[in-house]
Amino acid sequence: MIADLDRDDSVRLLDEAERMGAVTRSPSPAGDGIVLVRLTAAVGRRMDEYLRGLTDELAWRLDGVAPEQLPAVRDACWRIAMNLPGLVSSRQ
């Protein structure tokens, strides 16, 4: 999980992403030692494409679901996703 990354892992991950042209790093204009990490334009375009496809897929899947029902649908999907590993392993 990304939450389990230590500083060295994070730096290596960013080094690799920068080498691949996925991100750029620059010092904070405030001069406070913070490094700003930004997606490159090419990766931003790919993310936009992906999100457009995901949005279209979700719109198709949720066709007919009223907006006020969306929180309940989200919660149900979340519960299913969280319980799925246990369900799968108990049936094997």
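See the structure printed just above.
Residues numbered from 1 in each chain as written. Predicted model: local features only at pLDDT ≥ 70, side-chain atom pairs only at ≥ 80, totals over all residues. Heavy atoms only, no water.

Student: Can you tell me about a nonpolar patch on the surface, naming the residues and giving the values?
Tutor: Taken together, L39, M47, Y50, L51, L54, L58, L62 and L70 make up a surface patch of nonpolar side chains, about 700 Å² in accessible area. With respect to the secondary-structure elements, M47 resides in helix 2 (residues 41-61). (Patch = residues over 30% accessible without salt bridge, like charges linked within 9 Å, V, L, I, M, F, W, Y side chains within 5 Å. Areas by Shrake-Rupley, 256 points an atom, 1.4 Å probe, with all protein chains shown as cover. Salt bridge = Lys/Arg side-chain N within 4 Å of Asp/Glu carboxyl O. Helix = DSSP H or I, 4+ residues; strand = E, 2+ residues; numbered from the N terminus.)

Student: An account of the environment of V43 is requested, with residue identities and associated values reported.
Tutor: You can see V43 is positioned in helix 2. Remark: the alpha-carbon pair of V43 and G21, spanning 22 residues in sequence, is separated by 8.3 Å. In contact with V43, other than residues within four places in its own chain, are G21 and A22. (Contact = heavy atoms within 4.5 Å.)

Student: An account of the pattern of salt bridges is requested, with residue identities and associated values reported.
Tutor: Counted according to the given criterion, the structure contains six salt bridges. For R25, the salt bridge goes to D15, with nearest N and O atoms at 2.4 Å. One end of the pair, R25, is in strand 1 (residues 23-27); the other, D15, is in helix 1 (residues 7-19), with ten residues separating them in the sequence. Accessibility expressed as a relative area gives 27% for R25, which makes it partly exposed. On the basis of relative accessible area, D15 is assigned to the partly exposed category, the value being 37%. Salt-bridge contacts for E16 lead to R19; the nearest nitrogen and oxygen are separated by 2.5 Å. Placement of the pair is E16 and R19 together in helix 1, with a separation of three residues, close to one helical turn. What makes E16 partly exposed here is its relative accessible area of 35%. (Buried < 20%, exposed > 50% of the residue type's maximum accessible area, 1.4 Å probe, protein only.)

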